[in-house]
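Understanding the architecture of this molecule
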Amino acid sequence: MANQPLILTKTEITQIHRALLQMLKQSEAKCAMLVDADGKCLAKKGFTSNIDTDALAALIAGSFSSTRAMAKLVGETDFSVLFHQGTRDHIHNILVDTNTILTVIFDDRTTIGMVRLYSKESAKALKETIEVARTKKMPMDKKLAIEKDVEDQLDNLFKEE
Amino acid sequence: MATLNYAFKELSCKIVYYGCGLCGKTTNLIHIHKTVPQKFRGELVSLATEQDRTLFFDFLPLDLGEVKGFKTKFQLYTVPGQVYYNATRKLVLRGVDGLVFVADSQKDRLQENIDSLENLKQNLAEYGYRLQTGPSDFEGIPWVIQYNKRDMPQVSELEDMQVAMNPNRVPHFEAVAVNGNGVKDTLKGISSLVIKKLNADPTGVGGTAEPKKESKPVAAAATPSSKAPVAEDYSAMNEDDLEKELAEEPKSKSGAAASSTPAMSRPKPAAPAPVAEAPAAHAGMPVLNVVQKGGARVRGLGFGSSNLTLANMAGGDADLYQLTGKVSFLGIFGSTWSRRLRFTGTEEKAYGGVVSKFFKFLSDDGTDPSLEVYVKDDFDKPLFVNYLGKFGEVKIVPPGKAPLA
């Protein structure tokens, strides 16, 4: 069915974090994020405490979407790597699968070659995990009956209105 | 698509505000950003033209906090309304969970609204989505209509607009977004539909808060029972548990990976051992991520160059920090090292005739007892490092600064 939710359980999260940590260790990058093409940050590791990862994930997904549109215009299906070079920090993005992006932020302690090599390796491992997650379905016996609670919570949020 | 993270108990949904140009989509987001306390929302990211027209999208993350044990997050997007921005407008619809169609109630905009709704249907169809036709249609994307600008002088009758745009009578809301009227109700309406769809999904998604595993007794936590992940494990975990689990990984794995690419592996500084014990963190330990180029001198002589970074260590003990550095003298003698540091508190020190507060760190892994690191609690957090090197005391300072006494 179109638009089926993505289910991440302990199994996937552990595998994803393991892959990210290993990649960070090998490449000596600062931090890594797994970003959904919808703009959600699925997982993050490393020094992300002073980064607005929500906004970054949305923007990365946006830039990947527009890159894909560009690719189509020149007869490609995708550009699988996207690199942003700064004066101090740089961002390297690589497609894990058509809907998932591995983002690595690094500085001059390492090199683009190291990041590219290890994120490519890591993307392969992540692809398997994500593929499994995308086919996952939850048992019917669990319901998330929270509509009313969400509405109440929204009322709370807007109470200063 | 919504993301359900059972390990960290997080639910995250994407809601898009759609509509023709100047109908008030961004105004909805601005009102939400203004009204909701900072704790519950992120910053409003706006990719707009010089004339403040949305070029790509506006983005506002909304964090509802825990709802029945699930951290619930909504990500609100708007699309550019202008007809000629369709390429970017379409991209924002990817993975949408709920739509708010914002209609401009002014009489002369009726046709534009209808065209925009048609455009929405077409763009959705390209992703294989379609709009929900009724409350029990769980194949379609949930959507609501907001009739905005109800305060304008020449507005269409509500019923006329309903007939033109809402034949299936999905929930509708009247609004004056610029004053905030109806903004909250619209958001409540769409949130509720999105959650309802999650529940009623034929794939059976959803789950109530499960008994929390973290509350198990300490003795049980020490056993490596949870080490091997079991398939379909929907139990909750927290970040610390995961860190421990990953730290216990067999070493052979990383060793094998490293040896598979011997040509690429660089000489690395002795990596600090993983954190074994986790004593209570200091209150007020600083969050740091300092990257600094600077100068270095040995025994007060001979300038060299340095490249330092100091940052909190990922996971584990909260007051442990990692210092890595490269120091070279005259381009000949150089060293690269990495040390685990422990935050020992703040200290008042005189520097340049002014007494200011410094964060003080000492070596934690016992490899370099003489190592002292000071970070001035300042806007750009300059870093001062003193240690006993091969040829005498080494002092590393930020560019253009004198060593710390």
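Right above here is the structure, for reference.
We now turn to the structure provided with this report. (Residues numbered from 1 in each chain as written. Chains lettered and ligands numbered in written order. Predicted model: local features only at pLDDT ≥ 70, side-chain atom pairs only at ≥ 80, totals over all residues.)

Moving on, we get to the overall build of chain B. Looking only at helices and strands, chain B features 8 helices and 16 strands. Scored against the burial criterion, the 405 residues of chain B give a buried share of 38%. Taking the contacts inside chain B whose residues are at least 6 apart along the sequence as the reference set, 59% of them involve residues at least 24 apart. (Helix = DSSP H or I, 4+ residues; strand = E, 2+ residues; numbered from the N terminus. Buried ≥ 20, exposed ≤ 12 C-beta atoms within 10 Å, placed from the backbone. Contact = placed C-beta atoms within 7 Å.)

Further remarks concern the overall build of chain A. The helix and strand inventory of chain A stands at 4 helices and 6 strands. Taken from the N to the C terminus, the helices and strands of chain A come in the order β-α-β-β-α-β-β-β-α-α. Split into buried and exposed, the 161 residues of chain A put 50% on the buried side.

Okay, the sheet that holds strand E5 (residues 90–97) of chain A next. Residue and element names in this part refer to chain A. Strand order in this open sheet of 5 strands is E3-E2-E6-E5-E4, and the pairing throughout is antiparallel. Across the chains shown, the open sheet's two edge strands, defined by having one partner strand only, are strand E3 (41–46) and strand E4 (81–84). When the angles between neighbouring strand axes are averaged without regard to direction, this sheet yields 15 degrees. The sheet contact formed by strand E2 (residues 31–36) and E3 spans 5 bridges and is antiparallel. Within E3, the residue paired with Cys 31 across the bridge is Gly 46. (Pairing = 2+ DSSP bridges. Axes fitted to C-alpha atoms, helices over the stretch in contact; angles between N-to-C directions.)

Residues and elements named next belong to chain B. The pairing of strand E14 (residues 372–376) with strand E15 (residues 383–389) spans 4 bridges and is antiparallel. Note on E15: the bridge partner recorded for Tyr 374 is Phe 384. Pairing geometry for E15 and strand E16 (residues 392–397), over 5 bridges, is antiparallel. Bridge pairing in E16 places Leu 388 opposite Glu 393. Counting the residues that bridge the hairpin from E15 to E16 gives 2 residues.

Another point: the sheet that holds strand E10 (residues 301–312) of chain B. Residue and element names in this part refer to chain B. Here 8 strands make up a closed barrel; going around it, the order is E9-E10-E11-E12-E13-E14-E15-E16 and the pairing antiparallel. Across this sheet, the average inter-strand angle for adjacent strands is 30 degrees, counted without regard to direction. Looking at chain direction, E10 and strand E11 (residues 320–329) are connected through 9 bridges and run antiparallel. The partner of Leu 310 across the bridge, within E11, is Leu 323.

The next subject is unusual backbone geometry. In terms of backbone geometry, most residues other than glycine have negative phi values and most peptide bonds are trans. All names here are of chain B. For Leu 22, which is not glycine, the phi dihedral falls at a positive 65 degrees. C-beta crowding within 10 Å serves as the criterion here: with 16 such atoms nearby, Leu 22 is assigned to the partly exposed category. In this structure, Lys 68 is a non-glycine residue whose phi angle is positive, near 50 degrees. Looking at the secondary structure, you find Lys 68 in the loop between strand E4 (54–67) and strand E5 (70–78).

For the pair helix H4 (residues 147–157) of chain A and helix H5 (residues 183–200) of chain B, interaxial distance at closest approach is 9 Å and the crossing angle is 160 degrees. Overall, the two elements H4(A) and H5(B) adopt an arrangement that is roughly antiparallel. For the pair H4(A) and H5(B), the sense of crossing is right-handed. Facing H4(A), whose interface residues are A:Glu147, A:Val150, A:Glu151 and A:Leu154, H5(B) presents B:Lys184, B:Leu187, B:Lys188, B:Ser191, B:Ser192, B:Ile195 and B:Lys196. Residues of the contact of H4(A) with H5(B), tallied by class, amount to 4 nonpolar, 2 polar and 5 charged. (Parallel < 35°, antiparallel > 145°, perpendicular 65-115°, else oblique. Left-handed = near helix turned anticlockwise from the far one by under 90°. Nonpolar A, V, L, I, M, F, W, Y, C, P; charged D, E, K, R; others polar.)

This next bit is on the pairing of strand E6 (residues 98–104) of chain B. On any regular strand, side chains alternate: one points to one face of the sheet, the next to the other face. All names here are of chain B. Counting buried residues along E6, 7 of its 7 residues qualify, which places the element largely inside the surrounding structure. Side chains Gly 98, Val 100, Val 102 and Asp 104 of E6 all project onto a buried face; the interleaved residues Leu 99, Phe 101 and Ala 103 project onto the opposite face, where all are buried too. Bridge analysis of strand E2 (residues 10–18) against E6 gives 4 bridges, and the strand direction is parallel. Across the sheet, residue Tyr 18 finds its bridge partner in E6, namely Phe 101. Here E6 pairs with strand E7 (residues 143–148) via 6 bridges, running parallel. Along E7, the bridge assignment pairs Phe 101 with Ile 145. Handedness of the β-α-β unit built from E6, helix H3 (residues 110–126) and E7 comes out right-handed. (Right-handed = clockwise from strand over helix to strand, strands pointing away.)

Here we come to H4(A). Buried within H4(A) we find A:Val150, A:Leu154 and A:Leu157. Projected down its long axis, H4(A) shows its buried positions confined to an angular sector of 55 degrees, all on one face. Contacts made by the buried residues of H4(A) are with E4, E5 and H5 of chain B. (Arc of directions from axis to C-beta.)

Moving on, we come to the environment of B:Asn386. Within the secondary structure, B:Asn386 is located in strand E15. Setting aside chain neighbours within four positions, we find B:Asn386 in contact with B:Glu372, B:Glu393 and B:Lys395.

With respect to the helices and strands, B:Phe384 occurs in strand E15. Measuring from C-alpha to C-alpha, the distance between B:Phe384 and B:Phe358 comes to 9.8 Å, with 26 residues separating the pair along the chain.

Each partner contributes to the interface: chain A provides 60 residues, whereas chain B provides 75 residues. Contributions of two or more residues to the side of chain A that touches chain B are made by strand E1 (6–8), helix H1 (10–27), E3, helix H2 (53–73) and H4 of chain A. In terms of residue class, the side of chain A that touches chain B is built from 26 nonpolar, 15 polar and 19 charged. By the bridge criterion, 3 bridges tie E1(A) to strand E1 (residues 3–5) of chain B in an arrangement that is parallel. For A:Leu8, the partnering residue across the bridge sits in E1(B) and is B:Asn5.

The subject of this paragraph is the packing of H1(A) against helix H3 (residues 112–135) of chain A. All names here are of chain A. Interaxial distance between H1 and H3 falls to 9 Å at its minimum, and their mutual angle equals 175 degrees. What the angle tells us is that H1 and H3 run roughly antiparallel. Where H1 abuts H3, its residues Glu 12, Gln 15, Ile 16, Ala 19, Gln 22, Met 23, Gln 26 and Ser 27 lie against Met 114, Val 115, Tyr 118, Ser 119, Ser 122, Ala 125, Leu 126, Thr 129, Val 132 and Ala 133. Among the residues making up the contact of H1 with H3, the classes are represented as 10 nonpolar, 7 polar and 1 charged.

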